[in-house]
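# Structural description and commentary
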Amino acid sequence: MEKEILEHGLNFNRRRFLSRLSLGLGSAALGSLLIPDLFGGGSADDESFTPGMPHFAPKAKRVIYLFQNGAPSQQELFDYKPKLREMWGQEIPPSVRGTQRLTGMTANQKEFPLVGSFVDFKQYGQSRAWVSDLMPYTAKVVDDLCIVKSMYTEAINHDPALTFLQTGSQQGNRPSMGSWLSYGLGNENKNLPNFTVLLSRGIGNGQGVYSKLWSNGFLDSIHQGVQFSKGEDPVLYLRDPEGMDRKARRDMLDNLAQLNEMGYQEFGDPEIMAKVKQYEMAYRMQTAVPEVMDLSKEPDDIIKLYGPDCLVPGTFAANCLLARKLSENGVRFVQLYHQGWDQHGNLPFEIAKQAKDVDQASAALVTDLKQRGLLDETLVIWGGEFGRTSYTQGKLTKENYGRDHHPRCFTIWMAGGGIKPGIVYGETDEVGYNVASNPVHVHDFQATVLHQLGLNHEKLIFKHLGRRYRLTDVSGKVVHDIIA
Amino acid sequence: MQKKLVNLAEQGLFASVVFILFLLVFENKIAIPVWLQPFGRMHPLLLHFPITLLLLAVLMEAFRFYKAYAANESYRIFSRNLLLVGSLLAAVTVIMGLFLSKEDGYTGSVVQWHKWTGAATFFLAALLYWAQQKRWYSRVVAQTGSVILGVILLSAGHYGATITHGADFVLAPLTKNQTPEPVDIQQALVFNDVIKPIFEQKCTSCHNPDKLKGALALNEPEAIQKGGKSGALFVAGKPEISLLLRRIHLPVEEKKHMPPSGKAQLTPTEIKLLALWVKGRAEFNKKVVDLPATDSLRILATTLFSPTELTEPEFAFDAADDETIKELNSDYRTIAPLSKNSPALSVNLYNKASYSPEKLQELSPIKSQVVYLNLNKMPVHDADLKHISQFENLQKLDINFTDITGKELNQLATLQHLESLALSGTQVKFADLKNQIATFKNLKTVALWETGLTDAEINQLQKAYPRIQFIAGFNGDKSEPIRLNPPQLGNSAIFATSTVVQLRHPVKGVVIRYTTDGTDPDSINSPLMDNKMVITGSKSIKAKAYKDGWISSPVATFDYYKNSYKPDSSTLLLPLSPVHQAEGVKSFFDHKLGTFNANSPAWANNWLGVRKNDLVLVSEFKKPVSITSVELRTMIEPETSIFPPSLIEVWGGNSRDQMQLLGTAHPAMPIKGSSPVLKAIGCTFKPHTVSYIKIIAKPLAQIPEWHSNKGNKALLLVDEIFIN
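What counts and how
- Residues numbered from 1 in each chain as written.
- Chains lettered and ligands numbered in written order.
- Predicted model: local features only at pLDDT ≥ 70, side-chain atom pairs only at ≥ 80, totals over all residues.
- Pairing = 2+ DSSP bridges.
- Helix = DSSP H or I, 4+ residues; strand = E, 2+ residues; numbered from the N terminus.
- UniProt positions renumbered as here; feature names shortened; annotations may be inferred.
- Axes fitted to C-alpha atoms, helices over the stretch in contact; angles between N-to-C directions.
- Parallel < 35°, antiparallel > 145°, perpendicular 65-115°, else oblique.
- Left-handed = near helix turned anticlockwise from the far one by under 90°.
- Contact = placed C-beta atoms within 7 Å.
- Nonpolar A, V, L, I, M, F, W, Y, C, P; charged D, E, K, R; others polar.
- Domains from an automatic or database assignment.

Take the sheet that holds strand β14 (residues 539–546) of chain B next. Residue and element names in this part refer to chain B. One open sheet accounts for 4 strands, arranged β9-β15-β14-β12; its pairing is mixed. For this open sheet the edge positions go to β9 (494–495) and β12 (511–515), each flanked by a neighbour on one side alone. Here β9 runs beside strand β15 (residues 556–562); their pairing, made up of 2 bridges, is parallel. Paired with F495 across the two strands is K562, which belongs to β15.

Encoded structure:
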């Protein structure tokens, strides 16, 4: 055996080396024709991404996403369509409807009569944006908002659409937007989780939200969304068990850390040290969380601003106030879900209550951030997973109607975080069924959000199971027109 | 034969020399007829032949006297013939080129250079051919002639290529990546930084002083104002009749459409920019920011300067040492660069208890790099401001809700770059601000919410310093009154023997008034809730919250339910509806009440439901109990087809097999238009001592006629059962 190795070494002489080398060089040169950047020295540096470090200086440092779960009807809130009222009861023209697929709920419906909004709209602020009478408080802050009327998505049912908006894929199992941001930006405050989730429920027809929506997917588990619930234990399992005081906890952690250190010396597994860090963070959270959750010191102005419901745990108003407090304390991504926007029927009654639930607190959050000088570094997003149809679902009567899911257009608004204030971007057609100008795909929206946080959506990647993953999958363009 | 051919060619060469001389001398007087133009246009097609042939010929001539070839007859003949053919082709090419140059668009210095080097190539080649036959043709002559001809030939080719491809064509891919320095919007000129780049990208490859197609150059203001062969480029203020825009708007198929088809076209935005520029009288020296804020040109131009990755803020200082940053980072002090390649740092401090002025002092190794400092809610005192003043490049300072009084604010005035100062929730005083704010040179926003400054004072500041935006924020005292939310229940609504009624309200200073007789409480007659009333039986209480400056709350109804006995075990004999399962049978006695909106989502609610079969529950008490009533708390919401049971039967006995009917109830059905309610319904009976009870509740089998869902089975929802 040794002889063969020796012979092989001897055979591997200079001539042979060079001739082989030429083959290698040749294929490398050939390869560079196929992959132009192969030898581009400069670009390689840009490609490398350091987790927790933005690609370029961010405009926004934090995000508060007021997710309106169930898909609020744009026709009743922001997308003013007088024509739709004129055409009340008329069948939707086939040219408008095109080949749009329908949900199982209206696929068998015989007629698709158009229905205008039961509520009136007015223009507000310097931007003269139209806002419905259901949103009087939001109307007052319209000059701080960028209303995007031309959002569109690919999914037609709640769960896939919601998952698509949050994770960039309809199927789930990918990291949520908050997890991506946590991965990309790192902690601002090491005593609180980077990505927190707050849930609330309105009076309207609701749809479920599941923890997969704040899953870290294939990213490290420290990027998972942490749900803060109402009640005595906002973060589960954080409290010391009965009979254990803070000193005992400290001693326990110190001893455990020593044992872990020994384990680390022996095996060298970095996960061990990651674990120690997480224990330490949980320990610090034991004091940081109660401080954040304490609403008793909020001044009266705040109670009036958000409305008295902000003192009732579990309401949307309370969650908005908490979101501000968490964000102010350096939590990168605060995700709210407010359920109850799925008005397939009985829309006029439900949506009024639903809007009342969120209107004051949503506007208050924008005002509150502004008066603390934080709005320019905090991006607030308000919107659902898709829009609703311009025709009625079910029976159309003078007083009552419903609207089905509609992916082709919906309205969201954004405020702060370097987004242009006081503008309306994109338009829908006269009956609010198709996007007429400046369409914004879900991936475009995600790319824009990442861009505001200093991240290039094409470079925020994670390699998993042999391929590179992005929040925006393989598409998405930053909407520069709405960036200040 | 061969000889004849050579002679013929030589004569042709001589004729060409004469003809070309003629063309050059009378260049200005010649007009090329249209039918000859295609001949001229074959110039770029043919020129490659003479270049190659002549290059080969001069190479061979250079080695003609080389020892090995000197005696070689065929080498000499081949070289000579090669030079002859090359010269002839050069002649044809030159003639074509001269014809072509008479067409539109061939003016400018590069064209001149090309013409003369091209002609020189031909003459030199002819001269070399003639000299070859002479006796004095020696090695020196051959080599010198070859080198000169070669050089001139190459330069003619170079100038020609510059005409068609533009200068720097070859090296452009390497040099192009050095993107021009981004221009600051504040400094940007409308022409220089908005219009000129469009010309440079799309027009000047043809319209430059070297090429001058249509006698037009678009690289300098003077040339642009001068216009071209077809006249002035634009009428200031009138884009619709300006030549520039007319050419651009012609259909692409039109010959005169610009840029010509096949070349990169203008984008709609670029066309719009050009039109707006002409409309605005085609100014050359105006700044973008000097235009009115609402001007379309300014708005459109501003988007060109919108922040992209290239406009990374630049800092004059160097990055701090990574190790130092790492050392200064702690659990309660986060120091992070703004981005991967930025030297600037952002610093956040958390946790009041761990704050001390030293936390700021310790940052002196990175004092030049800190541009953002967040001390929100930290116990920072006036004396600490001097530690903050060391951060010479600070741009944003957040000292909201700190303990500063504002007396020492001018400590911060040395911070030349400070743009944003957040003072909300501090004790700053108007007088201090008024005196000190003038010393801040670069300040743009100051947040003053919740500081005790009145709106009038903030307005006064705003007037005094118009360049700074003072944020007053929301003032609750001035807002329109807001409606209070209803009181809340302070304890469990279900009790075994007696309980104290406890109502509370989250807003401080609220009073609660209540009634127990079913009427709505009012603010005068109804008693104040003192949270001391003891009740021993089920009771319904109505309450309202009041506070000065607020609208009173809506009426809230609180039902207290007495439940004396909780069975030790229970079994459902028939299944529940698949959607309304709650947590199974134990939910009947878990003291968790359901609310309206049972369907959203059904599985996360406390309601147990049946529709297709009866609700049949058997419960066991290990110790016999004496009971007189059984009630089911149900939801009645006709709108969603949720109705009360049509019949309730309560059976009881001492063994599972021997039970007797204790009582029945036929609950009243809701009428059309009645509003949804949650209520306990059941029956009372004479006291019985039982170990087992069986409760049967039958869902309504046929929804009444008035209902849209008439004739179908109604849903029965129960969340709790009370046994007394």
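On we go.
What follows covers the UniProt feature "transmembrane region" (unreviewed entry) in chain B. Residue and element names in this part refer to chain B. The UniProt record annotates "transmembrane region" (unreviewed entry) at residues 12–36, 42–60, 81–101, 113–131 and 140–161. Taken end to end, residues 12–36 is 56% helix and 0% strand, and its two terminal C-alpha atoms sit 20 Å from one another. Split by type, residues 140–161 is 100% helix and 0% strand. Its first and last C-alpha atoms lie 32 Å apart.

Now for the packing of helix α1 (residues 2–25) of chain B against helix α7 (residues 109–131) of chain B. Residues and elements named next belong to chain B. At a minimum axis separation of 11 Å, α1 and α7 run at an interaxial angle of 150°. When the axis of α1 is compared with that of α7, the two are roughly antiparallel. Here α1 and α7 pass one another in a crossing that is left-handed. Of the residues in α7, those in contact with L13, V17, I20 and L24 of α1 are A119, F122, A126 and Y129.

What follows is about the interface of chain B and chain A. Across the boundary between the two partners, chain B contributes 40 residues, which contact 45 residues of chain A. Elements supplying a minimum of two residues to the side of chain B that touches chain A: β1 (333–337), β5 (420–422) and β6 (445–447) of chain B. Along the lines of polarity and charge, the residues of the side of chain B that touches chain A split into 15 nonpolar, 19 polar and 6 charged.

Let us now look at the domain arrangement of chain B. All names here are of chain B. Split into domains, chain B comes out as domain 1 (2–165), domain 2 (190–310), domain 3 (322–471), domain 4 (488–561) and domain 5 (565–723). A separation of 28 Å is found between the C-alpha centroids of domain 4 and domain 5. The interface is formed by 4 residues belonging to domain 4 together with 5 residues belonging to domain 5. For the side of domain 4 that touches domain 5, the class distribution of residues is 3 nonpolar, 1 polar and no charged.

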